[in-house]
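The chain contents come next:
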Amino acid sequence: MVSLCHALASLSNNRAKEDAEKEEATRVYIVTCQNHLRATAVRRGIKHEKAFLKVGLAESLSELDSDLRATYDCTTICRASSKEFVYFRKKAYAKGKGATFLSYVIIHHPTALVWTLIRVDLGVRLDSELESAVALYMNRKIFMEFLCYRIDAADKDNTLENHLWLCLSSSEVIAALRCRCMLWIKVIMPLRFFTNDSDVDFSAADMYQVLEPLYAFLQELERDGKLLMDIDLDIYSKVGLNADGSDGTASLAYKAWLSKHASKQLKTIDGESSHPINRPTDLEVFEPKDPDNQATDSMVESLIQAWATGLLEGFDNSPLNDYVNGGKFSLSAVSDQMQRDLGDTDATNDESERAFANYDQVQAAAGSGMLWSSAGAMAAERTNASITNI
């Protein structure tokens, strides 16, 4: 016969085992999509950019005719530019002059490179506003030439074109666009790569490798804006390295991506030849030859500091803080168990959103609205696989 003490001990051990098994089977991690977190930080940066430009331009703008709609808001300028200049058929704004612009450059600048401008007013991610600044900055002179042609030939004023010509001729706007280009090239574009690339395949338990060096750099950048103005800067050069300093899977993928990015080419507007696109962009952004761009160095430095303050606010006031300062997904907190549990999951919720978007497109094509219950079921079906693997 088993003694009462032995029976109680056995029961206690069984319960402990059951509790451990239950904890193993039900362990849950609450993470936030990295694409959304990046946008949160960018939103804070845009706010500080606007505040900086307001100090220098608000009084001058108040003296201009309100019909000109002059603004220091680069987000507004990027959106207005995409409406005027985008010439892809499915993306063209109905009242824009994209087709006319395309005809103009074919006739007058057939061998020109025209950087692709995206429609940032069509529900894209917020960091795409920095991406669009690259095309706006690089095409600025040819855009303004076209606007002058349009304004001079017009029988009546075109508010959008007058607005754009005035804004794109402003040295403060040029500085803001150049600053956004630097942030896109050195901060946001690589961050987007590490977040989404399938070869890197980072989960939430890996993203501290990217976000901790970025956070440290932004703290330095807030004090010295010139740090971002270095064409050879690479904030993420140590991401994915092995303990002995050799390349790991992520660092090899990053180097391959950098190489591919550097070799990317763009066809001239007549389609007759192709030329490298990203190296000329880097040179004109960081070491400009255009006198208008050269004259913005001092203001760009100050704008960078304003952006750094905003991006740091984005870290400190969002779940990005979980990845730095000893947060639950920072280097000091990530455990081997967490790495195993989250290893097969994504750092974003794109799969869930894609299910909703695909269903919405199908329903829209059929002439009916989205059924939330069916859309939810489709999203759950996509995501349950990763949830049950935890």
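Conventions we followed
- Residues numbered from 1 in each chain as written.
- Predicted model: local features only at pLDDT ≥ 70, side-chain atom pairs only at ≥ 80, totals over all residues.
- Heavy atoms only, no water.
- Helix = DSSP H or I, 4+ residues; strand = E, 2+ residues; numbered from the N terminus.
- Buried < 20%, exposed > 50% of the residue type's maximum accessible area, 1.4 Å probe, protein only.
- Contact = heavy atoms within 4.5 Å.
- Phe/Tyr/Trp six-rings, centres within 6.5 Å; stacked < 30°, edge-to-face > 60°.
- Lys NZ or Arg CZ within 6 Å of the ring centre and 35° of its normal.
- Polar contact = N/O pair within 3.5 Å; in protein donor to acceptor, adjacent residues only side chain to side chain.
- pLDDT = per-residue confidence, 0-100.

## Things to note about the overall build of the chain
- Within the chain, the regular secondary structure consists of 16 helices and 2 strands.
- The buried share of the chain, reckoned over its 390 residues, is 43%.
- Contacts in the chain between residues at least 24 apart in sequence constitute 73% of all its contacts with a sequence separation of at least 6.

## With respect to the packing of aromatic side chains
- Under the criterion given, the structure shown has 17 aromatic pairs.
- Centre to centre, the rings of Phe-85 and Phe-101 are 5.5 Å apart; their planes meet at 70°, and the pair counts as edge-to-face. Here Phe-85, found in helix α3 (residues 74-85), pairs with Phe-101, found in helix α4 (residues 98-108); they are 16 residues apart in sequence, far enough to count as distant. Just as Phe-85 is buried, Phe-101 falls in that class too.
- The rings of Phe-85, Phe-101, Tyr-104, Phe-143, Phe-146 and Tyr-149 are connected pair by pair, giving a single aromatic cluster.
- When the ring centre of Phe-286 is taken as reference, the NZ or CZ atom of Lys-186 above it lies at 5.3 Å.

## Digging into the side chain of Asp-290
- Tracing the backbone through its elements, the reader meets Asp-290 in the loop between α11 (278-286) and α12 (291-294).
- Overall, the relative accessible area of 16% leaves Asp-290 in the buried class.
- Within polar-contact distance, the side chain of Asp-290 engages the backbone nitrogen of Asp-292 at 2.7 Å.
- Every residue in contact with Asp-290, bar those within four places of it in the chain, is listed here: Arg-140, Lys-141 and Glu-284.

## Some remarks on the confidence of the model for the chain
- Per-residue confidence for the chain gives a mean pLDDT of 83, with 77% of residues at or over 70.
- By mean pLDDT, the top-scoring element of the chain is helix α9 (residues 208-223) (97), and the lowest-scoring one is helix α16 (residues 372-389) (51).
- Scored below 50 in pLDDT, residues 385-390 shows 5 contacts in the model against residues more than four places distant or in partner chains.

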